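Reading the structure
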Amino acid sequence: MTTQNNNAQVHGIFDPKTWTVTYVVHQGVGSACAIIDSVLDYDPKSGRTNHHSADQVVEYVQAHQLKVEWILETHAHADHLTAAPYLKAKLGGKTAIGDHITEVQKVFKGIFNLEPEFKLDGSQFDHLFKADEEIKVGNLVGKTLFVPGHTPACVAYQFGDAVFVGDTLFMPDVGTARCDFPGGDAKALYASIWMLLSLPSETRLFMCHDYPPTDRPIAFETTVAEQRAKNIHIHDGVSEADFVAMRTKRDATLEMPVLILPAVQINIRAGELPPKEDNGIAYVKIPLNAL
Ligand SMILES: [Fe+2]
């Protein structure tokens, strides 16, 4: 699905296995582009990765002769692995995430007892975006919005009237993202969401995921006005206290995402696999009774 507005074209590619949307933001054939929240396919039963989802991004970029300038993450995802290194090798571009990723790295280095050489400065990424930092994609000038809550390091990316909200909001009939991962904070998410919902009412909001009810097709674009009117968790009039109570109660019922253990270990490395051991194989760990 491609939509165009204010000279920014947005193409979303939905991954049905992880319910994730990867976006390509550009200004038409032959222009610069940014890729947001890519997916490396991973089979938890066999420990094998493949590039089916990422290759759809490659095909789109090549078909439109786009020049990749940025490969962006909204946060260290817990439900899928990023394909950033694969896309960078195939298409070029710089990888980036919000600068608070260092806090997430610190927490998970402890939980996974990572190798001493694992750096906690975010240097696995080519760039760390600060709150409100400008981001240029060719002639398109955007901004990074700091939106903690789901994780302490979440960012959204704004290009004109299009905002890629990451895991803050979902479609209005699905609600909002969970806040029970390490460093998550429902109060912070409430504030972050209201920062987004204070943008002009016609602002287009692009979701990182969709988990549709059985009676509607996949959708991942909505507006500030629609969210404020209809979001089941946080429409106009929902107080911070009510939101936090709802979120806390609901989070207590949610299972951990299937891929959280491999996803976190790969994503805090900007998508690189852990160092190979002396038999030439890379491993992810399963911490027992720690998460
Ligand atoms: Fe997430």
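Quick summary incoming for the structure in this document.

1. Looking at the coordination of the iron ion
- The protein atoms that coordinate the iron ion are His75 (NE2), His150 (NE2) and Asp167 (OD), at distances of 2.1 to 2.4 Å.
- Counting the intervening residues between successive donors of the iron ion yields the motif H-x74-H-x16-D. You can see His150 sitting in the loop between β11 (140-146) and β12 (155-159) and its partner Asp167 sitting in the loop between β13 (162-164) and α4 (186-197), a full 17 residues away along the chain. The two residues His150 and Asp167 agree in class, both being buried.

2. Observations concerning the environment of Lys88
- Note that Lys88 resides in helix α2 (residues 84-91).
- We classify Lys88 as partly exposed; its relative accessible area is 34%.
- Along the backbone, Lys88 and Val58 are 30 residues apart, and their C-alpha atoms lie at a distance of 10 Å.
- Sequence-distant contacts of Lys88, defined by excluding residues within four places in its chain, comprise Ile71, Gly93, Thr95 and Asp126.

3. Observations regarding the packing of α4 against helix α6 (residues 240-251)
- At a minimum axis separation of 9 Å, α4 and α6 run at an interaxial angle of 125 degrees. Relative to α6, the element α4 is oriented oblique. For α4 against α6, the interelement crossing comes out right-handed. Across the interface between the two elements, Ala186, Lys187, Leu189, Tyr190 and Ile193 from α4 touch Glu240, Phe243, Val244 and Arg247 from α6.
- Looking at the contact of α4 with α6, its residues break down into 6 nonpolar, no polar and 3 charged.

4. Some words on empty space enclosed by the protein
- What the rule picks out here adds up to 1 cavity of 30 Å³ or more.
- Approximately 120 Å³ is the volume attributed to the largest cavity.
- Secondary-structure elements contributing two or more residues to the lining of the largest cavity are α3 (101-111) and α7 (260-267).
- Among the residues making up the lining of the largest cavity, the classes are represented as 9 nonpolar, 3 polar and no charged.

5. Description of the sheet that holds strand β14 (residues 204-206)
- Here 6 strands make up an open sheet; going across it, the order is β10-β11-β12-β13-β14-β15 and the pairing mixed. Looking along the sheet, the strands with just one partner apiece sit at the ends: β10 (134-137) and β15 (221-223). Strand-to-strand twist of the sheet, defined as the mean angle between neighbouring strand axes without regard to direction, takes the value 30 degrees.
- Where β10 meets β11, 4 bridges bridge the pair, whose relative direction is antiparallel. Directly across from Glu134, in β11, lies its bridge partner Lys143.
- Where α4 meets the sheet, its contacts fall on β11, β12, β13 and β14, and the angle it forms with β11 comes to roughly 150 degrees.

Definitions and cut-offs
Residues numbered from 1 in each chain as written. Predicted model: local features only at pLDDT ≥ 70, side-chain atom pairs only at ≥ 80, totals over all residues. Heavy atoms only, no water. Donors = N, O, S within 2.8 Å, 3.2 Å for Na, K, Ca; no water. Helix = DSSP H or I, 4+ residues; strand = E, 2+ residues; numbered from the N terminus. Buried < 20%, exposed > 50% of the residue type's maximum accessible area, 1.4 Å probe, protein only. Contact = heavy atoms within 4.5 Å. Axes fitted to C-alpha atoms, helices over the stretch in contact; angles between N-to-C directions. Parallel < 35°, antiparallel > 145°, perpendicular 65-115°, else oblique. Left-handed = near helix turned anticlockwise from the far one by under 90°. Nonpolar A, V, L, I, M, F, W, Y, C, P; charged D, E, K, R; others polar. 1 Å grid on protein atoms, 1.4 Å probe; cavity = no way out; pocket = protein on both sides within 12 Å on 5 of 7 lines; lining within 4 Å. Points joined across faces, edges and corners; volume = space filled by probe spheres on them. Pairing = 2+ DSSP bridges.

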